[in-house]
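Fold and geometry: a report
Here is how the chains run, residue by residue.
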Amino acid sequence: DDPECWYVSASSSARVAHQSDTSAQAHIYRWRSGGPWETLGGGLPEPLDSFPYALAMNSKLLFAGLRDGRIYQSEDRGEHWSQLPIRGDVPSRVVALSLQARVNSTNCQFVSNQFIR
């Protein structure tokens, strides 16, 4: 719930980020009001081998969707991450994420707006 907290993903170059699913050399960064950009790790491959095309968050959860179809979740604003298991067909690429609250529940569910098989 901090409007002065930002998350971005970046790589050493556009060609490296988008050319391959195995050598993106990418990181997810966080900026908080008045502070420097922080590189986030805590369970993410370092550096990320596939570019995080999609980041989505709510007040409790942060998600990163990678080019190769993997999705990571953080429950503590990026300090620690875990890879989410995906049931059914695994997408070959995640390009967008959105979060949608369940009716009559404080839990949230992951909803993929778009993926490519």
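Look up a bit, the structure's there.
Residues numbered from 1 in each chain as written. Predicted model: local features only at pLDDT ≥ 70, side-chain atom pairs only at ≥ 80, totals over all residues. Heavy atoms only, no water.

All right, on to the environment of Glu 75 then. On the secondary structure map, Glu 75 appears in the loop between strand E6 (71-74) and strand E7 (82-83). On the basis of relative accessible area, Glu 75 is assigned to the exposed category, the value being 61%. Taking the C-alpha atoms as reference, Glu 75 lies 9.0 Å from Phe 63; in sequence the two are twelve residues apart. Ignoring sequence-local partners within four residues, the contact set of Glu 75 consists of Lys 60, Leu 61 and His 80. For Glu 75, the side chain forms a polar contact with the side chain of Gln 73, separated by 2.9 Å. (Helix = DSSP H or I, 4+ residues; strand = E, 2+ residues; numbered from the N terminus. Buried < 20%, exposed > 50% of the residue type's maximum accessible area, 1.4 Å probe, protein only. Contact = heavy atoms within 4.5 Å. Polar contact = N/O pair within 3.5 Å; in protein donor to acceptor, adjacent residues only side chain to side chain.)

Below, the discussion takes up the sheet that holds E6. Taken together, four strands build an open sheet; the order of strands is E4-E5-E6-E7 and the sheet is antiparallel. Across the chains shown, the open sheet's two edge strands, defined by having one partner strand only, are strand E4 (52-57) and E7. (Pairing = 2+ DSSP bridges.)

A separate point is the pairing of E4. Sheet topology note: the E4/strand E5 (residues 62-66) ladder contains five bridges and is antiparallel. For Leu 55, the partnering residue across the bridge sits in E5 and is Ala 64. A loop of four residues connects E4 with E5, the two strands running antiparallel in sequence.

One pass over the structure, following the stated rule, counts four salt bridges. Glu 38 is the salt-bridge partner of Arg 30, the closest N and O atoms lying 3.1 Å from each other. Residue Arg 30 is classed as buried on the basis of its relative accessible area of 1%. For Glu 38, a relative accessible area of 31% corresponds to the partly exposed category. Between Arg 70 and Asp 49 there is a salt bridge; the shortest N-O distance is 2.5 Å. (Salt bridge = Lys/Arg side-chain N within 4 Å of Asp/Glu carboxyl O.)

Here we come to the sheet that holds strand E1 (residues 5-11). Sheet strands pair by backbone hydrogen bonding; their relative direction is either parallel or antiparallel. Pairing within the open sheet is antiparallel, and its three strands lie in the order E1-E2-E3. Looking along the sheet, the strands with just one partner apiece sit at the ends: E1 and strand E3 (38-40). Across the sheet, the mean angle from the axis of one strand to that of its neighbour is 35 degrees, orientation sign disregarded. In the sheet, E1 pairs with strand E2 (residues 26-32) via seven bridges, with the strands oriented antiparallel. Residue pairing in the sheet places Tyr 7 in a bridge with Arg 30 of E2. (Axes fitted to C-alpha atoms, helices over the stretch in contact; angles between N-to-C directions.)

Here the focus is the packing of aromatic side chains. Enumeration over the complete set of coordinates arrives at two aromatic pairs. With a centroid separation of 6.4 Å and an interplanar angle of 45 degrees, the aromatic rings of Trp 31 and Trp 37 are classed as tilted. Residue Trp 31 is classed as partly exposed on the basis of its relative accessible area, which comes to 22%. Take Trp 37: its relative accessible area is 46%, and that puts it in the partly exposed class. (Phe/Tyr/Trp six-rings, centres within 6.5 Å; stacked < 30°, edge-to-face > 60°.)

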